[in-house]
Amino acid sequence: MRIVLWVLIVLVAVVLALALGLCVRPRPFESFAEGADLDALERVPVPDGLPAPVDRFIRTVYGDTVPVIESVVMSGRATMRPMFNIPLPARFRFTHRAGYDYRHYFEATLFGLPLLKVDEGYVEGASFFESPMGNYRDDPNSNQGANLALWAEAAMFPALFVTDARVRWAPVDEHTAILYVPFEGAEEAFVVRFSPETGLIDLMEAMRYRNPGDRDKVLWITRNEPGLLIPGTPLSATGSATWLDDGRPWASFTAEEARYNADLGRYIHERGE
């Protein structure tokens, strides 16, 4: 009986320690040295002919001119559920060659220390995923999902939605539009829903493959969440991603730093921070 009691005490102590460790936020990454602030970028007029909610959105964010964004590096902290449905604190760096390539680096942490390191991305039309849980490269399902992630994350620098000639919009109603983006010589589509109150994007929806080898796509939803703002804009710096059948976000990210138009020619191919 005494042994059982001690086992229970140890188990409770371990659980409490783990719970405490999950409450410790990691330190942010070092500031990215290159690039410029948003207000230093070249600007061009908002194009004519956009659907009404898109035109309202872009002008709400930028005014009558939009910045020409060629690359973005966003760094911040997150909560993720990469395995066993356990929410882990994390820090991240998202690197985009806007509209073409991206690389993500995550560190999920415990007591603020790295527990799980992940490199993933979509570079030159091929996706990759490298982690202790497994590796893959250029999987067709993952390429489709990664391309959608490339464009969904552009909601944090949405000038790209009207400056990239490969993108087109179609009207639906006063608060909804369809965003068509390029993919392997064809197009993928997002349903984009705008807030009636603010005119900003509320959420984006697309049909996405979740895993390599899946036969069916699942509705994937990215949402702007209340929180800090991206400097120089009224855009929320916090976003979440949810699979419809999961019912709750698997990740929530808050960008704490954004640098624009750095030369990412070599960095986009690297690994780690």
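Residues numbered from 1 in each chain as written. Predicted model: local features only at pLDDT ≥ 70, side-chain atom pairs only at ≥ 80, totals over all residues. Heavy atoms only, no water.

Caption draft 1: Structural context of the pairing of strand β15 (residues 251-260). Of all 10 residues in β15, eight are buried; the element is thus mostly enclosed. Across nine bridges, strand β3 (residues 71-80) lies against β15 in antiparallel orientation. Pairing of Ala 78 across the sheet is with Phe 253, part of β15. Sheet topology places strand β14 (residues 236-243) next to β15; four bridges connect them, and they run antiparallel. Paired with Ala 241 across the strands is Ala 251, a residue of β15. (Buried < 20%, exposed > 50% of the residue type's maximum accessible area, 1.4 Å probe, protein only. Helix = DSSP H or I, 4+ residues; strand = E, 2+ residues; numbered from the N terminus. Pairing = 2+ DSSP bridges.)

Caption draft 2: How the structure looks around the pattern of salt bridges. Tallied over the entire structure, the rule returns 16 salt bridges. Across the salt bridge formed by Arg 59 and Asp 55, the nearest N and O atoms sit 3.0 Å from each other. Note that Arg 59 and Asp 55 are positioned in helix α2 (residues 52-62) at a spacing of four residues, about one turn of the helix. Classification of Asp 55 as partly exposed rests on a relative accessible area of 22%. Within the structure, one salt-bridge network assembled from shared partners comprises Arg 25, Arg 77 and Glu 256. (Salt bridge = Lys/Arg side-chain N within 4 Å of Asp/Glu carboxyl O.)

Caption draft 3: Here's a closer look at the nonpolar core. Membership of the largest hydrophobic core comes to 66 residues, with the highest contact counts inside it found for Ile 69, Met 74, Phe 157, Trp 169, Phe 190 and Tyr 260. No other element matches helix α3 (residues 140-152), which puts six residues into this core. For Tyr 260, the residues in contact, after removing those within four places along its chain, are Gly 35, Ala 36, Asp 37, Leu 38, Leu 41, Ile 69, Ser 71, Val 72, Met 74, Phe 157 and Ile 230. Residues Val 73, Ala 262, Leu 264 and Tyr 267 belong to the second largest nonpolar core, which totals five residues. (Core = buried A, V, L, I, M, F, W, Y, C linked by side-chain atoms within 4.5 Å. Contact = heavy atoms within 4.5 Å.)

Caption draft 4: Spatial organisation of the pairing of strand β13 (residues 218-229). In this structure, strand β12 (residues 201-208) lies alongside β13, joined through six bridges in antiparallel fashion. The residue bridging Arg 208 from the neighbouring strand is Val 218, located in β13. One ladder, built from seven bridges, connects β13 with β14; its direction is antiparallel. Within the sheet, the bridge partner assigned to Glu 225 lies in β14 and is Thr 238.

Caption draft 5: Structural context of α2. Residues of α2 that are buried include every one of Pro 53, Val 54, Phe 57, Ile 58, Val 61 and Tyr 62, and no others. Seen along its axis, α2 keeps its buried residues to an arc of 135°; they face one direction. Two residues or fewer after α2 comes Gly 63, characterised by a positive phi angle close to 90°. (Arc of directions from axis to C-beta.)

Caption draft 6: Expanded view of unusual backbone geometry. Backbone geometry at Asp 138 places phi at a positive 55°, although glycine is not the residue there. With respect to the helices, strands and loops of the structure, Asp 138 is situated in the loop between β8 (134-137) and α3. With a phi angle near 50°, Glu 184 is a residue other than glycine that sits in the positive phi range. Looking at the element boundaries, Glu 184 is found in the loop between β10 (176-183) and β11 (186-194).

Caption draft 7: Region of the structure containing the packing of aromatic side chains. Applying the stated criterion across every chain yields a total of 13 aromatic pairs. Both rings, one in Phe 94 and one in Phe 106, keep their centres 5.8 Å apart while their planes meet at 90°; by these two values the pair is edge-to-face. Taken together, the residues Phe 94 in strand β4 (residues 88-97) and Phe 106 in strand β5 (residues 101-110) connect sequence positions 12 residues apart. Exposure class is identical for Phe 94 and Phe 106. Each is buried. Geometry around Tyr 180 places Arg 168 over its ring, the cationic atom sitting 4.0 Å from the centre. Over the ring of Phe 128 we find Arg 271, and its NZ or CZ is 3.9 Å from the ring centre. (Phe/Tyr/Trp six-rings, centres within 6.5 Å; stacked < 30°, edge-to-face > 60°. Lys NZ or Arg CZ within 6 Å of the ring centre and 35° of its normal.)

Caption draft 8: Region of the structure containing α3. If you check α3, its first and last C-alpha atoms are 19 Å apart, about what 13 residues at 1.5 Å a residue would give, namely 18 Å. Burial within α3 is extensive, with 12 of its 13 residues counted as buried. Those residues of α3 that fall on the buried side of the exposure criterion are Asn 141, Ser 142, Asn 143, Gln 144, Gly 145, Ala 146, Asn 147, Leu 148, Ala 149, Leu 150, Trp 151 and Ala 152. The residue sitting at the N-terminus of α3 and contributing the capping side-chain oxygen is Asp 139; that oxygen lies 3.1 Å from the backbone nitrogen of Asn 141. (Expected span 1.5 Å × (residues − 1). Polar contact = N/O pair within 3.5 Å; in protein donor to acceptor, adjacent residues only side chain to side chain.)

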